[in-house]
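Fold and contact review
Each chain is listed here by its residues.
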Amino acid sequence: MEEVQQVILEKNVPCPMRDGTVLYADIYRPNIEGEFPVLLTRLPYNKDLPMYSHRYLDTNRLVQNGYIVIIQDVRGRFASEGEFYPFFYEAEDGYDTVEWAAQLPYASGKVGMFGLSYYGFTQLLAATERPPHLKAIVPAMTLSNWQNDAVEYQGKFLVGSSETWALESIAPDLLKRKYKDPEEYASMMMEMAEHYNNIEEWYLYKPIEKWPPLQKLGVAEFFYDFLNGQLSDKDMERMSILNKYEHVNVPAYHIAGWYDNFLQATIRNYTQLNEMADSASQKLIIGPWGHGVFSSTLGERSFGIHASGDWIDYEEDLTGLHIRWFDKFIKEKSSSNSQEAPIKLFVMGINEWRDEYEWPLARTTYTPFYFHSEGSANTGFGNGCLSVENPDMEPYDSYVYDPSNPVLTNGGGTLFAGVNTMGPRDQRDIETREDVLVYTSEPLTKPLEVTGPIKVKLWAKTDATDTDFTAKLIDVMPDGKAYNLTDGIVRAKYRDGYKQESSIKDEIIEYEIDLWATSNVFLPGHCIRVEISSSNFPRYDTNLNTGKTMVNSKEKKNARQTIFHQEEYPSHILLPVICMDPK
């Protein structure tokens, strides 16, 4: 192929949908004769803004390697016509756009898709419709279900991310569409900015179903539809792929981060699609990254320059990864790496990339580390400890959970406005609170690798009608710094799913807290630590302990929480321990 020296840009090219709505796209293509495959992304954040439309990829390199790049505003956003509703139209609109792109006069008829987060999910939703010309996708850090991944998590409303996204990412363009008078529009934008500047105060507002900022602005009604039960099961099905994996028949390279808020969903997408496809057509990479952040540093830690998405494993960046994937499945080029492992993981602690062949890893030994104390594990200065020894007859630990004074989110797999909101951060300030139980192992004498899904089994009692329990896994440095690896939460009444259970008050109940997954080597001199508490705000709404939540109530009460760790009630964290020497 003739070398591409120049790129032609066509702005606002119309793309008609089946219902007559016209969506608009920018097209970047080689300035040479010929037909080329198309790489498409569809986003709600403005195709004209490089920060969003190009994001972590060098789209010029994609064109220079013989691809047409198309970036489209989804329905109801920026240049495109129609009304915006998150993910509601993306399956059908994605199908129509793929088939339109394949028929462009300079297109070869083969289409791939790429993109992160919302525009990662537009790929998967389009793929469920099986457009004939879609040949490969690269969904990065994305969802599988709008309801349970982006709005709530197993009954807990995602306060910070939902309110931030609706107000900061979605409202401005909706204001521009609604308020045509320049002065009125400017006034509403100033009001939006004021709300956003004070969003950490707005996180505290309840009931959330009457959250004032969006009501005052008069936009983003979808925010309230879910809270008020306005969406039917059929509506929710349009915004999910959980029951549609069998319809996705294209190769997919899934990109995830250990500190991404969609880590669990991305792993689910990979494992479900891998079960139904040729293993060579599904791949997964997980780096030490946060949502949309592919640098070598995150939070308060550095993982080495080779952890960056610009320099994966010393030889390839994320753009190169995309080119190689699309070359294989769209251009049908043979590759020297055709036999490469399906999974590439970054192992924190030793800060190394490693190839793997299944998830979870076949050589995993699931090892319980039990909670122990003399009845006072409260704070990091208490007597809580963690070991592989079974508990015997030990006193319980207890604390009072006050919904008006929740444990604040401090890093983790988060995505919302504010300080200390993403990645690994020192947890010692949190561990001064009496409502945080801290269980710490002795310093390790040899390295211990933990890679895979993590759960806490917790036997607990509460005097409340309903309540939450949280858990956090932490790597404690020799100097005392305590960096979070992963965390989880369970709402008592939804402990077995969305079927509400019977009364929990004053009953000792076994809870399972899903901490998602991580990969970390606890080095010699380090300690393994687990925190137990009842809130992680504003990542999740605070449980009011009354049977109602911040979504629909203001009334609250304190709860006395009791955590058991004895022979009959062996509370523990179940760690996926990996043999450090596979031989």
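Per an unreviewed UniProt entry, the protein chain carries the name CocE/NonD family hydrolase and comes from Rossellomorea pakistanensis.

1. Considering the overall build of the protein chain
Looking only at helices and strands, one finds 13 helices and 25 strands in the protein chain. In terms of C-alpha radius of gyration, the protein chain reaches 25 Å, essentially the compact-globule figure of 25 Å for 583 residues. Seen through its C-alpha atoms, the protein chain measures out along the principal axes to roughly 80 × 65 × 40 Å. Contacts in the protein chain between residues at least 24 apart in sequence constitute 75% of all its contacts with a sequence separation of at least 6. Counting every atom, the protein chain has about 22,800 Å² of accessible surface; 47% of that belongs to carbon and sulfur. Of the side chains in the protein chain, 55 bear a positive and 85 a negative charge, and the two mean positions are spaced by 2 Å.

2. As for unusual backbone geometry
With glycine set apart, most residues show a phi of negative sign, and most peptide bonds adopt trans. In this structure, the amide linkage connecting Lys 206 to the following residue, Pro 207, adopts the cis form with an omega of 0 degrees. The topology assignment puts Pro 207 in the loop between α8 (199-202) and α9 (212-217). With an omega of 15 degrees, the peptide bond between Phe 537 and Pro 538 qualifies as cis. Relative to the helices and strands, Pro 538 resides in the loop between β23 (527-533) and β24 (559-564). Of note in the backbone geometry, Phe 78 takes a positive phi value of approximately 50 degrees without being a glycine. In the Ramachandran plot, Phe 87 falls in the positive-phi region, its phi being about 70 degrees despite a non-glycine side chain. You can see Phe 87 is positioned in the loop between β4 (68-73) and α3 (90-102). A residue is classified by how much of its surface remains accessible, and Phe 87, at 3% relative accessible area, is buried.

3. Here's the deal with the nonpolar core
Of all hydrophobic cores here, the largest spans 175 residues; its most connected members are Ile 70, Trp 146, Phe 222, Phe 223, Trp 258, Ile 532 and Ile 573. With eight residues, the top contributor of residues to this core is helix α6 (residues 159-178). Look past the residues within four positions of Trp 258 in its chain and what remains in contact with it is Leu 263, Ile 286, Gly 287, Pro 288, Trp 289, Leu 345, Phe 346, Met 348, Trp 359, Ala 517, Thr 518 and Ser 519.

4. Observations regarding the sheet that holds strand β3 (residues 36-43)
Strand order in the open sheet made by the 10 strands is β1-β2-β4-β3-β5-β6-β9-β10-β13-β14, with mixed pairing throughout. With partners counted over all chains shown, the strands left at the sheet margins are β1 (7-16) and β14 (352-356), one partner each. On average, adjacent strands in this sheet sit at an angle of 20 degrees to one another, irrespective of strand direction. Note: β3 against β4, six bridges, orientation parallel.

5. What about the side chain of Lys 283?
Turning to its location among the elements, Lys 283 is positioned in strand β10 (residues 282-290). No salt bridge is formed by the buried Lys 283. Its closest oppositely charged neighbour is Glu 340, at 4.1 Å. A polar side-chain atom of Lys 283 sits 3.5 Å from the main-chain carbonyl oxygen of Ala 341. Those residues in contact with Lys 283 that lie beyond four places of it in its chain are Ala 252, Tyr 253, His 254, Tyr 270, Trp 325, Glu 340, Ala 341 and Pro 342.

6. Description of the pattern of salt bridges
Close approach of charged atoms allows side chains of opposite charge to pair. In this structure the tally under the stated criterion is 36 salt bridges. Here Lys 11 and Asp 48 are joined by a salt bridge, their closest N and O atoms 2.4 Å apart. On the criterion of sequence distance, the pair formed by Lys 11 in strand β1 and Asp 48 in the loop between β3 and α1 (50-53) is long-range, its members being 37 residues apart. When its relative accessible area of 43% is taken as the criterion, Lys 11 is described as partly exposed. Look at Asp 48 and you get partly exposed, because its relative accessible area is 42%.

7. Re the environment of Ala 492
In this structure, Ala 492 sits in the loop between β21 (482-491) and β22 (509-522). Sequence separation between Ala 492 and Asp 468 is 24 residues, and the spatial gap between their C-alpha atoms is 5.8 Å. Aside from chain neighbours lying at most four places away, what touches Ala 492 is Asp 466, Thr 467, Asp 468, Ile 504 and Tyr 511.

Basis of the calculations
Residues numbered from 1 in each chain as written. Predicted model: local features only at pLDDT ≥ 70, side-chain atom pairs only at ≥ 80, totals over all residues. Heavy atoms only, no water. Helix = DSSP H or I, 4+ residues; strand = E, 2+ residues; numbered from the N terminus. Rg over C-alpha atoms; globule rule 2.2 N^0.38 Å. Contact = heavy atoms within 4.5 Å. Areas by Shrake-Rupley, 256 points an atom, 1.4 Å probe, with all protein chains shown as cover. Lys, Arg positive; Asp, Glu negative; His and termini not counted. Charge placed at Lys NZ, Arg CZ, Asp CG, Glu CD. Buried < 20%, exposed > 50% of the residue type's maximum accessible area, 1.4 Å probe, protein only. Core = buried A, V, L, I, M, F, W, Y, C linked by side-chain atoms within 4.5 Å. Pairing = 2+ DSSP bridges. Axes fitted to C-alpha atoms, helices over the stretch in contact; angles between N-to-C directions. Salt bridge = Lys/Arg side-chain N within 4 Å of Asp/Glu carboxyl O. Polar contact = N/O pair within 3.5 Å; in protein donor to acceptor, adjacent residues only side chain to side chain.

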